[in-house]
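# A closer look at the structure
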Amino acid sequence: MTPAHRPPARRRTALLATVPVALAALVGATGPTAAGAPGAPGAGDPYFPLSGNGGYHVRHYDLTLRYDTSSRHLDGRAVLAARAGQDLSRFDLDLTGLKVTGVTVDGTSAAFRRAGQELVVTPGHTLRTGRVFRVTVAYDGTPQPVTDPDGSADGWIPTDDGAFVAGEPQGAMTWFPANAHPRDKSSYDITITVPQGRTAVSNGELLGRRTEHGRTTFHWRESRPMAAYLATATVGTFRVEQYTTPDGIHVYNAVDPREASAAAPVLKKLPSVLAWESGLFGPYPFRSAGSVVDHAPGVGYALETQTRPLYDSAPDISTLVHESAHQWFGDSVSLTAWKDIWLNEGFATYAEWLYAEQHGGDSAQKTFDALYARSAGDHLWAFPPGDPGSGRNIFDTPVYARGAMTLHEVRKAVGDADFFRILRAWAAAHREAHGTTAQFERLAERISGKRLDGLFRTWLFTEGKPKNA
Ligand code: TRP
Ligand code: ZN
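What this report covers is the structure whose coordinates are included nearby. Keep in mind that this is a model prediction, so the values were computed, not measured. (Residues numbered from 1 in each chain as written. Chains lettered and ligands numbered in written order. Predicted model: local features only at pLDDT ≥ 70, side-chain atom pairs only at ≥ 80, totals over all residues. Heavy atoms only, no water.)

## Thoughts on the overall build of the protein
Of the regular secondary structure elements, the protein holds 10 helices and 23 strands. Across its three principal directions, the C-alpha atoms of the protein cover 65 × 60 × 40 Å. Counting over 469 residues, the protein shows a buried share of 54%. Look at the contacts in the protein between residues 6 or more apart in sequence, and 69% of them connect residues 24 or more apart. Total accessible area computed for the protein in this model is approximately 18,400 Å², and 53% of it derives from carbon and sulfur atoms. If you average the places of the 47 positive and of the 49 negative side-chain charges in the protein, the two averages end up 5 Å apart. (Helix = DSSP H or I, 4+ residues; strand = E, 2+ residues; numbered from the N terminus. Buried < 20%, exposed > 50% of the residue type's maximum accessible area, 1.4 Å probe, protein only. Contact = heavy atoms within 4.5 Å. Areas by Shrake-Rupley, 256 points an atom, 1.4 Å probe, with all protein chains shown as cover. Lys, Arg positive; Asp, Glu negative; His and termini not counted. Charge placed at Lys NZ, Arg CZ, Asp CG, Glu CD.)

Structure below.
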């Protein structure tokens, strides 16, 4: 996909990258079997230039992990089924820390080297455009979280009884080799072996669970496309509850006993929250659901891990509503660039406002008014949410709150009927795929028949507190 809004600078870079190929072909210096070009080391996202990789798409990850909760040692084997998008002479995966002990491509050992967060793989011969190939990476070590530009930690975060595994925006590379940008979505098999008594929770369905020699292996499968940052393999001492909702959704909740009494009344509402959101946003995008409620003091955030949000402590109802709304907005409909983050956080925040409005709390208008009353110097107006400027700002208040205010402005401009039509159409049209801010604006204009460019410019892209609320 080539979004029309992509900045020209990126196109120039992409063009330059193809020059050596063209030159080699012209000069004829390399025969047809030696042709091809290296895949780019990043997906071209200016906020996280090395996240993701160019030149190929991963269709499926098969991860086999073993985690020793006392030594904190991780043994991993990743098998990636990928497809070359160009003639590939070599390609990168994202992986940081850990030791790589071997790489094969289609069963033949391949040369590899580490360069920062890039694992650079050179197969024995060029992979032709369209070729489906299999990469195996054997690795091990003590995973360490990465520090985000905003100072928070993400990735594999050790806890007192296991690990809190949350990959947004760049933590997937701390525990498996990946094409780790939301532009690349894949299905996953994740098999994790942990000491008996601990539980390893991942995305999608639990296909099998087996205890042998004091260790338990959990086999999880997420068959719907998933961005790498939404994968988890959270390990801990958990109380597990499983049931199927009247809508046929398989729920798997794993709760740290220390959080159990606080979590219970909120988790009980999960089926009704998903049903309520389905009424507003269209059918729930997945067949599995649930929650992982860990006890991870110091993490400071929750994550909308696909099908099964991850909480660092017992969530309140707003947080449950927020992470559940992300299943539509962020997980099923994914970003193509981190600067569009308001499409995730503004929408999930607005879902909280709507939930309050329809469950005896403040109206969305009242929530909006309280925010709008903040003075022009308030941090809420520090930057416009449509392009927060850098990875440091992607989880900051303007993205969440002013992002939600933008949706409220759209709602006022088009009326409730069209507004909810727009939300449903957005989730349906980009289901299991991607969406951009420009596409959302066009959809809102098409459905409402109104020009909304001024509204979006003011609320998403103009510095300072908007005047015409
Ligand atoms: N997307 C998460 C939420 O809103 C928040 C989040 C994920 C986060 N990773 C983070 C916040 C890193 C701060 C730092 O629901
Ligand atoms: Zn969120």
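What follows continues from the structure just given.
## Focus on helix α4 (residues 317–325)
For α4, the full list of buried residues reads L320, V321, H322, E323, S324 and A325. Looking at the buried side of α4, the elements it contacts are α2 (260–267), α3 (270–281), β21 (310–311), α5 (342–358) and α7 (397–414).

## Regarding the coordination of the zinc ion (ligand 2)
Protein-derived coordination of the zinc ion (ligand 2) comes from H322 (NE2), H326 (NE2) and E345 (OE), at a distance range of 1.8 to 2.0 Å. Counting along the primary sequence, the residues that act as donors to the zinc ion (ligand 2) give the motif H-x3-H-x18-E. (Donors = N, O, S within 2.8 Å, 3.2 Å for Na, K, Ca; no water.)

## Let's talk about the packing of aromatic side chains
A complete count under the given rule lists 31 aromatic pairs for this structure. Linked through ring pairs, F281, Y284, F286, W328, F329, W342, F347, W426, F440 and F456 together constitute an aromatic cluster. The lysine or arginine in question, K465, covers the ring of Y372, its NZ or CZ lying 4.5 Å from the ring centre. (Phe/Tyr/Trp six-rings, centres within 6.5 Å; stacked < 30°, edge-to-face > 60°. Lys NZ or Arg CZ within 6 Å of the ring centre and 35° of its normal.)

## Quick word on the site of ligand 1
As a matter of local geometry, ligand 1 sits amid 14 residues, with S152, E168, E323, E345 and Y400 nearest to it. E304 has a polar side-chain atom sitting 3.0 Å from a nitrogen atom of ligand 1. Within the side chain of E345, one N or O atom sits 2.8 Å away from a nitrogen atom of ligand 1. Surface burial for ligand 1 is 91%, taken as the share of its 360 Å² of free accessible area covered by protein chains. Looking at the shell around ligand 1 residue by residue, the class counts come to five nonpolar, three polar and six charged. (Near = heavy atom within 4 Å. Polar contact = N/O pair within 3.5 Å; in protein donor to acceptor, adjacent residues only side chain to side chain. Nonpolar A, V, L, I, M, F, W, Y, C, P; charged D, E, K, R; others polar.)

## Notes on the packing of α5 against helix α6 (residues 364–372)
Where α5 meets α6, the axes come as close as 8 Å, and the angle between the chain directions of the two elements is 125°. Here α6 runs oblique to α5, going by the angle between their axes. For the pair α5 and α6, contact is made by Y350, W353 and E357 and by A364, Q365, T367, F368 and L371, respectively. Broken down by class, the residue content of the contact of α5 with α6 amounts to five nonpolar, two polar and one charged. (Axes fitted to C-alpha atoms, helices over the stretch in contact; angles between N-to-C directions. Parallel < 35°, antiparallel > 145°, perpendicular 65-115°, else oblique.)

## A look at the environment of Y47
By the element assignment, Y47 lies in the loop between β1 (37–38) and β2 (56–68). Given a relative accessible area of 12%, Y47 falls into the buried group. Each C-alpha atom of the pair Y47 and F440 lies 21 Å from the other, and the pair is 393 residues apart in sequence. Residues contacting Y47, with those up to four places away along its chain left out, are W338, K339, D387, P388, G389, S390, G391 and I394. Among the polar contacts listed, one links the side chain of Y47 to the side chain of D387, at a separation of 2.3 Å. For Y47, the side chain forms a polar contact with the main-chain nitrogen of G389, separated by 2.6 Å.

## Points about the pairing of strand β7 (residues 111–115)
Pairing between β7 and strand β8 (residues 118–122): five bridges, direction antiparallel. Its bridge partner lying in β8, F112 is registered against V121. (Pairing = 2+ DSSP bridges.)

## Details of the side chain of T126
Among the structural elements, T126 can be located in the loop between β8 and β9 (132–141). When its relative accessible area of 11% is taken as the criterion, T126 is described as buried. Here the side chain of T126 touches A35 through a polar contact of 2.5 Å, landing on its backbone oxygen.

## Considerations on the environment of L460
In this fold, L460 is placed in helix α10 (residues 453–461). Note: C-alpha distance between L460 and P388 (72 residues apart in sequence) is 9.3 Å.

## Points about the sheet that holds strand β20 (residues 288–293)
Pairing within the open sheet is mixed, and its four strands lie in the order β18-β19-β20-β21. The strands lining the two open edges of the sheet, one partner per strand, are β18 (239–244) and β21. Bridging between β20 and β21 involves two bridges; their strand directions are parallel. By the bridge assignment for β21, V292 is matched with L310. Relative to the sheet, α2 contacts β18, β19 (250–255) and β20, its axis offset from that of β19 by approximately 160°.

## Examining α2
The complete set of buried residues in α2 reads A260, A263, V266 and L267. Viewed along the axis of α2, the buried residues span an arc of 130°, placing them on a single side of the element. Tucked into the core, α2 has its buried residues touching β18, β19, α3, β20 and α4. (Arc of directions from axis to C-beta.)

## Description of the pattern of salt bridges
One pass over the structure, following the stated rule, counts 17 salt bridges. Measuring nitrogen to oxygen at the nearest pair gives 3.6 Å for the salt bridge that ties D362 to K366. For K366, a relative accessible area of 49% translates into the label partly exposed. The shortest N-O distance in the salt bridge between K412 and E409 comes to 3.0 Å. (Salt bridge = Lys/Arg side-chain N within 4 Å of Asp/Glu carboxyl O.)

## A word on the packing of α5 against helix α8 (residues 416–429)
Two elements in contact, α5 and α8, have axes separated by 14 Å at closest approach and are oriented at 135°. Here α5 is positioned oblique relative to α8, judged by the angle of their axes. The two elements α5 and α8 meet at a crossing, and its hand is left-handed. Packed against α5, whose contacting residues are L343, F347, Y350 and L354, the element α8 presents F419, F420, L423 and W426 at the interface. (Left-handed = near helix turned anticlockwise from the far one by under 90°.)

## Focus on the nonpolar core
Among soluble globular proteins, nonpolar side chains are generally buried collectively. In terms of nonpolar packing, the biggest core is built from 130 residues, with F91, F133, W175 and F176 touching the most fellow members. What F176 contacts, discounting residues up to four positions off in sequence, is Y61, L63, D94, L95, Y139, Y188, A228 and A231. (Core = buried A, V, L, I, M, F, W, Y, C linked by side-chain atoms within 4.5 Å.)

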